[in-house]
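# A look at the structure
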Amino acid sequence: MKLKVIGSSGGEFPGHNPPAFLIDDVLLLDAGTIGASLDEASQWKIRNILITHAHLDHIKGIPFLADNLVIKSRKQSVKVISISSVLVALKKNLLNNSIWPDFTIISAASKPVLLLKVILPRKLFKINSYKINAYKVNHSVPAVGYIIEDKKGRRLLYTGDTGPTGEIWKYARGISCAIIEVSFPNRLRKMALKTGHLTPELFLKEISKMESFPERILITHPKPLYRRQIKDEIEKLALKNVKILKDGEIYNI
Ligand SMILES: [Zn+2]
Ligand SMILES: [Zn+2]
C-alpha cells in the first residue's frame, strides 16, 4: 500500500494543509486538500473519497475537485463515501446551490460528478480490492475512523478527528500503520477534551487500548501553531516507530 500525505495538519498555513491521504493514487482518505497540492493527472485518478466527518478541514477539497472535473468536461464520477449524517451535512450545508453548486446533480456525462455513497459503521464494504470498515469515534460532530485492508493483507488504521474513544481500538489487530490524530499540546488538555481531540498524553493512553502495537504510528492533525511543542512532547514519550507526519511524504506500508 502506498500512502501519500497530501495534507496532515489541523489547520492551514503555507506548507501545512488540512488532512488528505492518498492511497495507491486512487483512494483518498479525507479531503481537506486536493487541488492545492495535486496536479491535474493526479486529481483525475481519484475515484473514491472516504470522509471521516463533515468538518470543513476534512471536506474542503471536494467542491473544487468537482468544479475542476466539470470545467474539463471529464466524463467521470467520484464517489464520496461516509456515514449518512456526514453526507447529509455535506449536501445540506455545502453542495446546496447557495454556498456551492450541487455537484451531486450536475454532470458532464450520464452520471453526476459526485455520487454520495452511504456506509454503516462496523459493516464491511469493498472499494476495488480494499476491504474497509468504519468505526464511530468520539468527536464534536458525528465521526468515524477507518481500517482499510489491501489485497496483501496490509492494514491501515486512520482515526480521523477524535478525543478519547473505544470501539476502533478493539478492532485494531495486526495493524501495519496507524494514522492517529494529536491536535493540542499537553497543557491544552481541557480544550482537547472539550473539542474531541487528543494531546500527546491522551494519545499515549489511547494507543495502550490496542491489543497489539501497530508496526508504525504516524501522527496527524497537529494545530500548526503548536506543531513544534507537540513534536517535542511526542518525542519525550520515547516510543519506537512513532513520528509526526509532514505534507508531501510518501510511505510504503
Ligand atoms: Zn473535526
Ligand atoms: Zn479536523
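So, here's what we can say about the structure. Here the structure is a predicted model, which is why all the values come from computation and not from measurement.

### Observations regarding the coordination of the zinc ion (ligand 2)
Looking at the zinc ion (ligand 2), one finds its protein donor set to be Asp57 (OD), His58 (NE2), Asp161 (OD) and His221 (NE2), positioned 2.1 to 2.2 Å from the metal centre. Classification of the site at the zinc ion (ligand 2) rests on its four donor atoms, whose angles at the metal span 90 to 167°, yielding the label irregular. Written as a sequence motif, the donor arrangement for the zinc ion (ligand 2) is D-H-x102-D-x59-H. Here the zinc ion (ligand 1) and the zinc ion (ligand 2) are spaced 3.5 Å from one another, each receiving a donor from Asp161. Remark: Asp161 occurs in the loop between β10 (155-158) and α5 (167-170) and Asp57 occurs in helix α2 (residues 56-59); sequence separation between them is 104 residues. Accessibility expressed as a relative area gives 2% for Asp161, which makes it buried.

### Side note on the side chain of Thr165
Looking at where Thr165 falls in the secondary structure, it is placed in the loop between β10 and α5. Apart from the residues lying within four places of it in its own chain, the contact partners of Thr165 are Lys136, Val137, Asn138, Glu206 and Lys209.

### So, the pairing of strand β1 (residues 2-7)
Across three bridges, the pairing between β1 and strand β14 (residues 250-252) is antiparallel. Directly across from Leu3, in β14, lies its bridge partner Tyr251.

### Things to note about the packing of aromatic side chains
Using the criterion set out here, one finds three aromatic pairs in the structure. Ring geometry for Phe21 and Tyr158: centres 5.2 Å apart, planes at 70°, overall edge-to-face. Of the two residues, Phe21 is situated in strand β2 (residues 20-23) and Tyr158 in strand β10; the sequence distance between them amounts to 137 residues. Relative to Tyr171, the ring of Tyr135 has its centre 4.6 Å away and its plane inclined at 20°; by these criteria the two rings are stacked. Taken as a pair, Tyr135 in strand β8 (residues 130-136) and Tyr171 in the loop between α5 and β11 (177-181) lie far apart in primary sequence, 36 residues in all.

### Side note on the environment of Pro164
By secondary structure assignment, the location of Pro164 is in the loop between β10 and α5. Residue classification places Pro164 among the partly exposed residues on the basis of a relative accessible area of 26%. Spatially, the C-alpha atoms of Pro164 and Ile119 are 23 Å apart, while their sequence positions differ by 45 residues. Once residues within four sequence positions are removed from consideration, Pro164 is found in contact with Asn138, Leu193, His197, Leu198, Leu202, Glu206 and Lys209.

Reading guide: rules and limits
- Residues numbered from 1 in each chain as written.
- Chains lettered and ligands numbered in written order.
- Predicted model: local features only at pLDDT ≥ 70, side-chain atom pairs only at ≥ 80, totals over all residues.
- Heavy atoms only, no water.
- Donors = N, O, S within 2.8 Å, 3.2 Å for Na, K, Ca; no water.
- Tetrahedral: all angles 85-135°; square planar, octahedral: opposite > 155°, others 65-115°.
- Helix = DSSP H or I, 4+ residues; strand = E, 2+ residues; numbered from the N terminus.
- Buried < 20%, exposed > 50% of the residue type's maximum accessible area, 1.4 Å probe, protein only.
- Contact = heavy atoms within 4.5 Å.
- Pairing = 2+ DSSP bridges.
- Phe/Tyr/Trp six-rings, centres within 6.5 Å; stacked < 30°, edge-to-face > 60°.

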